[in-house]
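Examining the three-dimensional arrangement
So the chains spell out like this:
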Amino acid sequence: MKRMIIFCLCLSVLSGCSGKGKSTSTPAATQVPPTSTLIPTAPASPSPTRAPSPTLPQAAIFERNNRIGRAVNFGNALEAPNEGEWGVTLKEEYFPLIKNAGFTAVRIPVRFSNHAAVEAPYTLDAAFLERVDWAVNNALDQGLVAIVDMHHYVEIFEKPLEHKERFLAIWTQLAEHYQDYSPDVYFELLNEPNGQLTTELWGQFAAEAVGIIRQTNPTRPIIVGPGQWNSAVQLQFFTPPEDANLIITFHYYSPFHFTHQGAEWATGSEAWMGTKWDGSDTLRMIMRQDFFLAADWGKRNNRPIFLGEFGAYSKADMDSRALWTDAVARTAEELGITWAYWEFCSGFGVYDPVANQWREPLLDALIPQK
Ligand code: GLC
């Protein structure tokens, strides 16, 4: 079935929004804001930089973040309404392939909200959870860090207060379920909060979720990022939960007209076809400034940073994609930011599941051969 897509977009990370979002429910109008400028918009009332809590043993969580290293997302699989409906069904062979290519972690986006009861106690579907376990266990068997990411809970973005209890109940179950798993299983609270779930409100939900998870998983790394689709610009408004074992995440798809040209879920994106990224000094400088926002925030707040998604869609030309992908990965690495490419074998895919081979220019960009 063809996906019905909501799309709200901002062009650049600097304009205050990571620039995308989609759902499977209501179609909506697209707004295309003006092209990015180099100067970030001044915040209305930025939260003051908080001194790091002296009680937090920060070294441990920085090490845990470093274990993520270079990761890839299993996009369009378990976060489709049902696995397979977006063209990707995970296969056992993918895990050793990923490991042998040099990746060190997988982010597993999962639409838990489609597989939990709508009434309290919001019980998760056991067979679906088994399938998620299968993916997690396959990753662990390869020595990969496995990030269990709650993805596409679109209803909570529209009606956060109505869905809060259910969101927390799902995490209560997941936390209990994974409490005895390897420390290499990390939790990601919610992919790309947006809409009515503002950065501030989300900060409150996240604090409660962390509190719940800590009852059963006292030290497991929890990944959490700000609102507006995990935009780096929103970090300045984000107050992360007081917890020693958090990794802070953001996503990067800028310039959006380049990375999302021809993307079926991005209204108007046909017109962006042909946009190239030539790696000029100016483009690289803009990218560096975007990343500096996140790196600098991490430094000031003494938090490790993970770039959970970045990628350029397959409709862009391969030379530009490879150049951009290499620039993002290297910039992140220089700034001590770990990363996960979006994604493995679908529209942004670094792997071609039909030819059963890596797309070498992308793989080389991600994991350069020495
Ligand atoms: C977000 C969306 C995902 C989409 C990607 C690129 O992660 O959740 O579905 O493919 O961004 O737009």
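Before reading on, note that the structure itself is shown above.
What comes next is a walk through the structure. Remember, predicted model here, so these are calculated numbers, not experimental data.

Cut-offs and rules
- Residues numbered from 1 in each chain as written.
- Predicted model: local features only at pLDDT ≥ 70, side-chain atom pairs only at ≥ 80, totals over all residues.
- Heavy atoms only, no water.
- 1 Å grid on protein atoms, 1.4 Å probe; cavity = no way out; pocket = protein on both sides within 12 Å on 5 of 7 lines; lining within 4 Å.
- Points joined across faces, edges and corners; volume = space filled by probe spheres on them.
- Helix = DSSP H or I, 4+ residues; strand = E, 2+ residues; numbered from the N terminus.
- Nonpolar A, V, L, I, M, F, W, Y, C, P; charged D, E, K, R; others polar.
- Axes fitted to C-alpha atoms, helices over the stretch in contact; angles between N-to-C directions.
- Parallel < 35°, antiparallel > 145°, perpendicular 65-115°, else oblique.
- Left-handed = near helix turned anticlockwise from the far one by under 90°.
- Contact = heavy atoms within 4.5 Å.
- Pairing = 2+ DSSP bridges.
- Expected span 1.5 Å × (residues − 1).
- Buried < 20%, exposed > 50% of the residue type's maximum accessible area, 1.4 Å probe, protein only.
- Arc of directions from axis to C-beta.
- Phe/Tyr/Trp six-rings, centres within 6.5 Å; stacked < 30°, edge-to-face > 60°.
- Lys NZ or Arg CZ within 6 Å of the ring centre and 35° of its normal.
- Right-handed = clockwise from strand over helix to strand, strands pointing away.

1. Considerations on the layout of surface pockets
Its boundaries defined by the atoms lining it, the second largest pocket holds a volume of some 240 Å³. A295, G298, K299, L335 and G336 are the residues nearest the centre of the second largest pocket, which is lined by 14 residues in total. Contributions of two or more residues to the lining of the second largest pocket are made by α1 (58-68) and α9 (281-301). The biggest single contributor to the lining of the second largest pocket is α9, with five residues. Classifying every residue of the lining of the second largest pocket gives seven nonpolar, four polar and three charged.

2. Considerations on the packing of helix α3 (residues 126-141) against helix α5 (residues 160-178)
Relative orientation of the contacting elements α3 and α5 amounts to 50°, with a least axis distance of 13 Å. Here α3 lies oblique to α5, going by the angle between them. Here the hand of the crossing between α3 and α5 comes out right-handed. Facing L129, V132, D133 and V136 of α3, the residues of α5 in contact are L174, H177 and Y178. Of the residues that constitute the contact of α3 with α5, the class distribution is five nonpolar, one polar and one charged.

3. Things to note about the sheet that holds strand β7 (residues 305-310)
The eight strands lie next to each other as β1-β2-β3-β4-β5-β6-β7-β8, forming a closed barrel whose pairing is parallel. Taken pair by pair, the neighbouring strands of this sheet meet at an average axis angle of 25°, ignoring direction. The sheet contacts of α9 involve β6 (246-252) and β7, and relative to β6 the element is tilted by about 165°.

4. A closer look at unusual backbone geometry
A cis geometry characterises the amide bond from A120 onward to P121, with omega recorded as 5°. Mapped onto the elements of the fold, P121 is located in the loop between β2 (105-110) and α3. Note that the residue after W342, namely E343, is joined by a cis bond; omega there is 0°. Structurally, E343 can be placed in the loop between β8 (338-341) and β9 (351-352). Despite not being glycine, Y122 shows a phi value in the positive range, around 55°. Positionally, Y122 belongs in the loop between β2 and α3.

5. Structural notes on helix α10 (residues 318-334)
Across its 17 residues, α10 extends 24 Å between first and last C-alpha, which sits within 8% of the 24 Å expected from 1.5 Å per residue. Where α10 is concerned, the buried positions are S320, R321, A322, W324, T325, A327, V328, A329, R330, T331 and A332. Once α10 ends, the next one or two residues include G336, with phi positive near 75°.

6. Quick word on the environment of A175
Structurally, A175 can be placed in helix α5. Measuring from C-alpha to C-alpha, the distance between A175 and V210 comes to 9.9 Å, with 35 residues separating the pair along the chain. Every residue in contact with A175, bar those within four places of it in the chain, is listed here: F187, I213, T216 and N217.

7. Regarding helix α2 (residues 94-101)
Regarding α2, the residues found buried are Y94, F95, I98 and A101. Taken around the axis of α2, the buried residues stretch over an arc of 135°, which confines them to a single face. Tucked into the core, α2 has its buried residues touching β1 (70-73), β2, α3, β9, β10 (357-358) and α11 (360-366). Immediately downstream of α2, the backbone of G102 shows phi near 110°, a positive value.

8. Quick word on the packing of aromatic side chains
Inspection of the entire model under this criterion finds 27 aromatic pairs. Lying over the aromatic face of F187, R220 brings its terminal NZ or CZ to 5.5 Å of the ring centre.

9. Here's the deal with the pairing of β2
Judged by how many residues are buried, β2 sits mostly within the fold: six of six residues are covered. Burial along β2 is two-sided: A105, R107 and P109 and V106, I108 and V110, pointing in opposite directions, are all buried. Where the polypeptide runs from β1 across α2 and back to β2, its parallel neighbour, the crossover connection is right-handed. In this structure, β2 lies alongside strand β3 (residues 145-150), joined through six bridges in parallel fashion. Within the sheet, the bridge partner assigned to V106 lies in β3 and is A146. Crossover handedness for the path β2 to α3 to β3: right-handed.

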